[in-house]
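Observations on the model geometry
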Amino acid sequence: MSIRLGIRYSSYLVTALVAGFIVVVSQAFAPSTAAWIAFGAGVFFIVAASIRMLEPGIVHRLVHGSIGILGILIVIEALLASGSTVVWLSFAGALGVLALALIGLTVHELSTERVVHSLEVSSTRSNARQPALS
């Protein structure tokens, strides 16, 4: 089970890093270059979201579905828009994906923290019920 959680965490982390990269690229490079890089990132978002849609948990499915929808919009705007429009649409789409990835990371960490806390509470209660050895 720890492998599955590690994959989920790394999936959100890589998605956040790619989205952050697109935020920077959209402001630093020429619009035509930013459009092609945003296109590639949009395809990555679509593929990653479609693979991760089989995750258990409604929140994770909603987050990945939303990332996939934003990935589709990023691909469409990268192919159809030009000039400053592609720059700002790529920027906005990447910020949206970044926010969703951070939400997914937060939900993942809260659920992991809850499991660890319940294990600690259970072990403390079971130790308190055992009679002391004299």
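Everything numeric here is computed off the predicted structure, so don't read it as measured data. (Residues numbered from 1 in each chain as written. Predicted model: local features only at pLDDT ≥ 70, side-chain atom pairs only at ≥ 80, totals over all residues. Heavy atoms only, no water.)

1. Quick word on the nonpolar core
Membership of the largest hydrophobic core comes to 15 residues, with the highest contact counts inside it found for Phe45, Val63, Ile67, Ile74 and Val97. Put simply, the parts of the chain that give this core at least two residues each are α1 (2-28), α2 (31-52), α3 (58-80) and α4 (84-129). Dropping the residues within four chain positions of it, phenylalanine 45 is found in contact with Thr15, Val18, Ala19, Ile67, Gly68, Gly71, Ile74 and Val97. (Core = buried A, V, L, I, M, F, W, Y, C linked by side-chain atoms within 4.5 Å. Buried < 20%, exposed > 50% of the residue type's maximum accessible area, 1.4 Å probe, protein only. Helix = DSSP H or I, 4+ residues; strand = E, 2+ residues; numbered from the N terminus. Contact = heavy atoms within 4.5 Å.)

2. Comments concerning the environment of glycine 42
Examined against the element boundaries, glycine 42 turns out to sit in helix α2. Residue class for glycine 42 comes out buried when judged on its relative accessible area of 0%. For the pair formed by glycine 42 and serine 90, sequence separation is 48 residues and the distance between their alpha carbons is 9.4 Å. The residues touching glycine 42, leaving out its near neighbours within four places in the chain, are Gly71, Ile74 and Val75.

3. A word on the confidence of the model for the protein chain
When pLDDT is averaged across the protein chain, the result is 83; 79% of the residues are at 70 or more. Element-level mean pLDDT values for the protein chain span from 78 in α4 up to 93 in α2. (pLDDT = per-residue confidence, 0-100.)

4. Here's the deal with the side chain of serine 26
Mapped onto the elements of the fold, serine 26 is located in helix α1. Looking at serine 26, its side chain comes within polar contact range of the main-chain oxygen of valine 23, at 2.8 Å. When neighbours within four sequence positions are excluded, serine 26 is seen to be in contact with Ala34, Val87, Ser90 and Phe91. (Polar contact = N/O pair within 3.5 Å; in protein donor to acceptor, adjacent residues only side chain to side chain.)

5. Details of the packing of aromatic side chains
In this structure the tally under the stated criterion is 3 aromatic pairs. Geometrically, the ring pair formed by tryptophan 36 and phenylalanine 39 is edge-to-face, given 5.8 Å between the ring centres and 80° between the ring planes. With a gap of 3 residues between them, tryptophan 36 and phenylalanine 39 both fall in helix α2, about one helical turn apart. (Phe/Tyr/Trp six-rings, centres within 6.5 Å; stacked < 30°, edge-to-face > 60°.)

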